[in-house]
Amino acid sequence: MRAYAAVLLAGGAARRMGGVDKPALPVGGRPMLHRVLAAVAAAEPRIVVGAAGRVPPDVRVTREEPPGGGPAAATRAGLALLDPGTATVALLAADLPLLTAGAVDDLLRQLDGSTADGACYVDGDGRRQQLCGVWRVAALRAALDRLAAQRGGTLDGAPVRAVLAGLTVREVAWSGSGPPPWFDCDTDEDVRRAEEWTR
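Here is a short report on the structure shown in this document. (Residues numbered from 1 in each chain as written. Predicted model: local features only at pLDDT ≥ 70, side-chain atom pairs only at ≥ 80, totals over all residues. Heavy atoms only, no water.)

**Details of the environment of Thr198**
- Residue placement: Thr198 occurs in the segment after α6 (188–197).
- For Thr198, a relative accessible area of 27% gives the class partly exposed.
- Along the backbone, Thr198 and Gly178 are 20 residues apart, and their C-alpha atoms lie at a distance of 9.5 Å.
- When sequence neighbours within four positions are dropped, the list of residues in contact with Thr198 reads Val27, Gly28, Arg35 and Leu98.
- A distance of 2.8 Å separates the side chain of Thr198 from the backbone oxygen of Glu195, its partner in a polar contact. (Helix = DSSP H or I, 4+ residues; strand = E, 2+ residues; numbered from the N terminus. Buried < 20%, exposed > 50% of the residue type's maximum accessible area, 1.4 Å probe, protein only. Contact = heavy atoms within 4.5 Å. Polar contact = N/O pair within 3.5 Å; in protein donor to acceptor, adjacent residues only side chain to side chain.)

Take a look at the structure:
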């Protein structure tokens, strides 16, 4: 399996959940953030962008500029900490409590076997789950630079779909057993569903 880095975006406002620190919410007895970090235990480095609370000592933490500037700005902040030779990065939301190492490996295999800029899961309705994917770092950096240029030099408030809009994406349907790895928790009901899946 190819070497890869991981950037976890943990800076969302969680407005639909009253502004709680969503990645810190437990699912199956562990914070969602820690469950995602476990799924990318093979990544080097592992980087969390946002207010991360307690993380393992080998995990690097940074903030987007400006704080709360959204996922595009957070992606740039995470990529800024990668070594120049890093070719592949898993770009993940920090609220994916059902993500597994096997699901990440599947994405890496799909990317390896293609000329695409990235590979991400699609849900049952065919929607791309763009923050559950792996990407070629050079393509991501170029896309961020293009988007910043279009926006007068800033990424503040830009959505991740604007970053990835011009990239070639290999769409991957989840075919494994168990719950979908792309399931994210935007509401209290989502957290309850994830909890049930982990029992």
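**Some words on the sheet that holds strand β9 (residues 169–173)**
- Spatial ordering of the open sheet is given by β5-β4-β1-β6-β8-β7-β9, a layout of seven strands whose pairing is mixed. With one partner strand each, in any of the chains shown, β5 (59–62) and β9 form the two edges of the open sheet. Neighbouring strand axes in the sheet, compared pairwise and without regard to direction, differ in orientation by 25° on average.
- Relative to strand β4 (residues 46–49), strand β1 (residues 5–9) is paired through four bridges, and the arrangement is parallel. What sits directly across from Leu8, in β4, is Val48.
- Here helix α2 (residues 71–79) sits on the sheet and contacts β1, β4, β5 and β6 (88–93); the angle it forms with β1, its principal contact strand, is near 145°.
- Against the sheet, helix α4 (residues 137–150) contacts β6 and β8 (128–136), and its axis sits at roughly 115° relative to β8. (Pairing = 2+ DSSP bridges. Axes fitted to C-alpha atoms, helices over the stretch in contact; angles between N-to-C directions.)

**Structural notes on the packing of α2 against α4**
- Two elements in contact, α2 and α4, have axes whose closest approach is 11 Å; the angle formed by their N-to-C orientations is 135°. In terms of orientation, α2 and α4 fall into the oblique class. With respect to the hand of their crossing, α2 and α4 are arranged in left-handed fashion. Every residue of α4 that contacts α2 at Ala72, Thr75, Arg76 and Leu79 is listed here: Leu140, Arg141, Leu144, Asp145, Leu147 and Ala148. (Parallel < 35°, antiparallel > 145°, perpendicular 65-115°, else oblique. Left-handed = near helix turned anticlockwise from the far one by under 90°.)

**Brief notes about the pattern of salt bridges**
- Tallied over the entire structure, the rule returns 10 salt bridges.
- The shortest N-O distance in the salt bridge between Arg127 and Asp123 comes to 3.1 Å.
- Because the salt bridges share partners, they merge into one network encompassing Lys22, Asp95 and Asp186. (Salt bridge = Lys/Arg side-chain N within 4 Å of Asp/Glu carboxyl O.)

**Points about unusual backbone geometry**
- Omega for the bond connecting Glu44 with Pro45 falls within 30 degrees of zero, at 0°, which places this linkage in the cis form.
- Residue placement: Pro45 occurs in the loop between α1 (32–39) and β4.
- With an omega of 0°, the peptide bond between Glu65 and Pro66 qualifies as cis.
- By secondary structure assignment, the location of Pro66 is in the loop between β5 and α2.

**Here's the deal with α4**
- The end-to-end C-alpha distance of α4, which contains 14 residues, comes to 20 Å, matching closely the 20 Å that a straight helix rising 1.5 Å per residue would cover.
- Residues of α4 that are buried include every one of Val137, Ala139, Leu140, Ala143, Leu144, Leu147 and Ala148, and no others. Down the axis of α4, the smallest arc covering the buried residues is 165°, so these residues share one side. Turned more than 90 degrees from where α4 packs its buried face, Ala138 and Ala149 sit exposed.
- Against α2, β6, β8 and α5 (160–164) lie the buried residues of α4.
- A positive backbone phi angle near 70° is found at Gly152, which sits one or two residues after α4. (Expected span 1.5 Å × (residues − 1). Arc of directions from axis to C-beta.)

**Points about the packing of aromatic side chains**
- Tallied over the entire structure, the rule returns two aromatic pairs.
- Ring geometry for Tyr121 and Trp174: centres 5.9 Å apart, planes at 80°, overall edge-to-face. With a gap of 53 residues between them, Tyr121 in strand β7 (residues 118–122) and Trp174 in the loop between β9 and α6 connect regions that are remote in the sequence.
- The exposure class of Tyr121 is buried, given its relative accessible area of 0%.
- Considering the side-chain rings of Phe183 and Trp197, the 5.0 Å spacing of their centres and the 80° angle between planes classify their relative orientation as edge-to-face. Residue Phe183 is found in the loop between β9 and α6, and its partner Trp197 is found in helix α6; the two are separated by 14 residues along the sequence.
- Given a relative accessible area of 35%, Trp197 falls into the partly exposed group. (Phe/Tyr/Trp six-rings, centres within 6.5 Å; stacked < 30°, edge-to-face > 60°.)

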